Amino acid sequence: MLLSKITKILGFSGDIRDDREIGWLLTDSRSLTFPAESLFFALVTSRNNGHQYVQELYNQGLRAFVVSEVRPEFETMHDDALFILVDNALVALQQIAAVHRQDFTLPVIGITGSNGKTIVKEWLFQLLHEDCKIVRSPRSYNSQIGVPLSVWQLKPDTQLGIFEAGISLPGEMANLEQIIHPSIGIFTNIGDAHQENFISQRQKIVEKLKLFTSAEILIYNADNPHVNAEIKQSALQTELLSWGHQPDCYVQLEKIKKSATQTELLVSRQNVDFTFYIPFTDDASVENALHCITYMLYKGYDMAEINKRLSHLESVAMRLEVKQGVQDCLVINDSYNSDLNALNIALNFLTQQAVSKNLSKTIVLSDILQSGFQPEVLYGKVAELILAKNIHKLIGIGKEIGKHAVAFSAIESHFFLSTEEFLRDPLISAFRQEAILLKGSRKYGFEQISHKLELIAHETVMEVNLNSLVDNLNYFRSKLHRETKVVSMVKAFAYGSGSIEIAKTLQHHRADYLAVAVADEGAELRRSGIRIPIMVMNPEKSAFDVLFENNLEPEIYSFNLLKEFVEAAGKLALTDYPIHIKIDTGMHRLGFDPAEIDDLILLLKRNNQVKIRSVFSHLAGADDPRLDDFTHQQVSVFKVCADKLTEAFSHRILKHILNSAGIERFPEYQFDMVRLGIGHYGISALPQVQLKQVCVLKTIILQLKQVKAGETVGYSRNGVATEDKVIAMLPIGYADGFNRKLGNGVGEVFVKGKRAKVFGNVSMDLIAVDVTGMEVQEGDSVEIFGDQIKIAEVAGKLNTIPYEILTGVSRRVKRIYFSE
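Tallied over the entire structure, the rule returns 36 salt bridges. Where aspartate 103 meets lysine 5, a salt bridge forms, and the shortest distance between an N and an O atom there is 3.3 Å. With aspartate 103 in the loop between helix H3 (89-102) and strand E5 (108-112) and lysine 5 in helix H1 (residues 3-9), the pair connects residues that are 98 residues apart, well separated along the chain. Classification of aspartate 103 as partly exposed rests on a relative accessible area of 46%.

Listed below in structure tokens is the structure:
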């Protein structure tokens, strides 16, 4: 949609200096990828205010904003930025999406209900995508914000839209109806979620039915008496396609037969019998599948074709997903919805899984939010459910559930105020042969329970000077043009220095991008509040869901990876997902060969699921003057390949090839962006440059030993005292990253102003150093590397590079951050 059309919709009468097509409606500053094509809506919520991110987005190249506040700092941006002033940015977002929807006459399925919306949507996509081009809500984008962002994805070639709508307050559904404007409606079910904001369940049903004001047909479960009654009494002018046990249903359900791995559904329609099979056995999946089957029967699919497609249905992430756990456990993750109805469904599933695998049943349950019940009544009902399902153990997390512990006295139960408190308790490591249901509201972060990190008290620490980090960043920036972007590499735990604090500092100091090695590293940064774009250099197929969930941008280096990623993005209805194309210009690790570029362009043009954000390559020897000719050759190859790609597409594609050494030695090749890694941490490719020391590894003297001549210290008795010696034991070993090759006099440490040699072998957790003749005592601080013993010196003794020394410091070594 043209920016001029958007301003007209919003009643903006100011000048537009640069009218252009807007492809991205942005509400989350972390998601900025294509600034020139984006329009940012500064939403104001109870927990955040989007106006505080305007300056940051402006610095990243964004120039179009919808705002409801005028702040003083905006004045400095008015020369080249457009500010569309509205009363409410959310209303403006919805208005634009509603007008966009009006441009399409295609069939649209609108789905609402308390549970099952996302699964029904995803299963309909799985069942129908062979027949037509479908746009659907990404993930669970069903809110006042998510719906307009979903509908915005409609394109001229779209043949079917499938969108879900969720509400928490009266009056909300009318807004969503204007945006989705479904021709086909599906009402999944009704439960207790968000009940506290409605006078009665009837009021909530009536509110949800407003989604179908203009729908031509409505599919629903007539076995729910409340839903059935309200639909029959409503003024909806729609054809009703009910399913259920009643004879007058459009699809009559006659029998359900369950086996260990599938469910057989016997139904009839217009006196014709059908038998369907689904590869799931829980009640929720049966209900969700019947919505889909009813739709397919209405559209004329025959029984054989429906069964063929049903057999390929896949489970949907964050909905009763089963994963293998430690100690012969099974983990069932259902952290999406926590009302009583959803709890009952999840407990049924837990029972089925536990019985089939002969496991005891455990539930980890958070406070249930927005139930509509008084706490005493709510947790009384929860206790009844848990007892009825013969659950063996309950772990309650949250203030409210703990207050009602007495309701659960009939079973083994434990209570914690927070997820963090539970993670610190030994109980987290005590599960054995259990089916464990994780059932909690998203705010409790139950994903942490599966990723507990062991915290070990340790006298060895690494001090990280954040001021020095920033000084080094600014040194490299001084080599660049003002418009050149910087990718800060924080992979491998930020080169051993601790990724979260480093990333927060770099974000604060306006790094344009961060880069990590694997998706889990990026997800950890997102959980810690990192908003700027994050590139993943080694994406793995098994972690694609982590990429999508956390807005992480993958490096794509091969056709196989590209095809797998396009397929995964398609399953989530994603379009124009940003990717970074790597070219192999002679290093011969990862990357597309130059001869493959033409085929790559053809493949990318055939798929709209992804969009190139940048093209790059990696220099093999930018730090070595002996390889300068090869460096120039690599750059030459890169230019040819990058130019081909950029000329093939209309949007801007960033180019980058320089690493830290390249920035210093080849600034003429900075292109649009550079990647700064080891330079952050004080390592320069130029001998005359002394960067700031960022990391200092320290420990203490744990014990002093008097060793007589002829005695030995450590394994293999390699530390032989040729004379009486004083030996200091230090609590650091190869498990901490102190290399074994530094033993027997090779390595040194710095204590009390002097160097002391390592004595004997390096153990897993300890080293011995010779402090004979030195005035030291137990508890004295010892430097392993830092200001006195440089990282490069340690690397030289090991015939390796500083990278290995830094990244080799294990995570059990505590990082301490400070600013001078």
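Turning next to the packing of aromatic side chains. Applying the stated criterion across every chain yields a total of 17 aromatic pairs. Relative to phenylalanine 565, the ring of phenylalanine 544 has its centre 5.2 Å away and its plane inclined at 90°; by these criteria the two rings are edge-to-face. You can see phenylalanine 544 sitting in helix H19 (residues 544-549) and its partner phenylalanine 565 sitting in helix H20 (residues 559-571), a full 21 residues away along the chain. Exposure remark for phenylalanine 544: the relative accessible area of 4% places this residue in the buried category. One aromatic cluster is present, built from ring pairs that chain together Phe40, Phe65, Phe74 and Phe83. One Lys or Arg, arginine 63, reaches over the ring of tyrosine 58 and ends 3.8 Å from the middle of that ring. Against the face of phenylalanine 125 rests arginine 136, its NZ or CZ located 3.5 Å from the ring centre.

Turning our eyes to something else, we now look at the packing of H20 against helix H21 (residues 597-606). H21 packs onto H20 with a crossing angle of 5° between their chain directions and a minimal axis gap of 12 Å. As far as their axial angle goes, H21 and H20 are roughly parallel. Every residue of H21 that contacts H20 at Phe559, Leu562 and Lys563 is listed here: Asp599, Leu600, Leu603 and Leu604. In terms of residue class, the contact of H20 with H21 is made up of 5 nonpolar, no polar and 2 charged.

This brings us to the state of the cysteines. By definition, a disulfide links the sulfur atoms of two cysteines through a covalent bond. Inspection of the entire model under this criterion finds 0 disulfides. Residue cysteine 249 stays outside any disulfide, its sulfur separated by 17 Å from that of cysteine 292, the closest cysteine. By relative accessible area, which is 1% here, cysteine 292 ends up buried.

What counts and what doesn't
- Residues numbered from 1 in each chain as written.
- Predicted model: local features only at pLDDT ≥ 70, side-chain atom pairs only at ≥ 80, totals over all residues.
- Heavy atoms only, no water.
- Salt bridge = Lys/Arg side-chain N within 4 Å of Asp/Glu carboxyl O.
- Helix = DSSP H or I, 4+ residues; strand = E, 2+ residues; numbered from the N terminus.
- Buried < 20%, exposed > 50% of the residue type's maximum accessible area, 1.4 Å probe, protein only.
- Phe/Tyr/Trp six-rings, centres within 6.5 Å; stacked < 30°, edge-to-face > 60°.
- Lys NZ or Arg CZ within 6 Å of the ring centre and 35° of its normal.
- Axes fitted to C-alpha atoms, helices over the stretch in contact; angles between N-to-C directions.
- Parallel < 35°, antiparallel > 145°, perpendicular 65-115°, else oblique.
- Contact = heavy atoms within 4.5 Å.
- Nonpolar A, V, L, I, M, F, W, Y, C, P; charged D, E, K, R; others polar.
- Disulfide = S-S within 2.5 Å.

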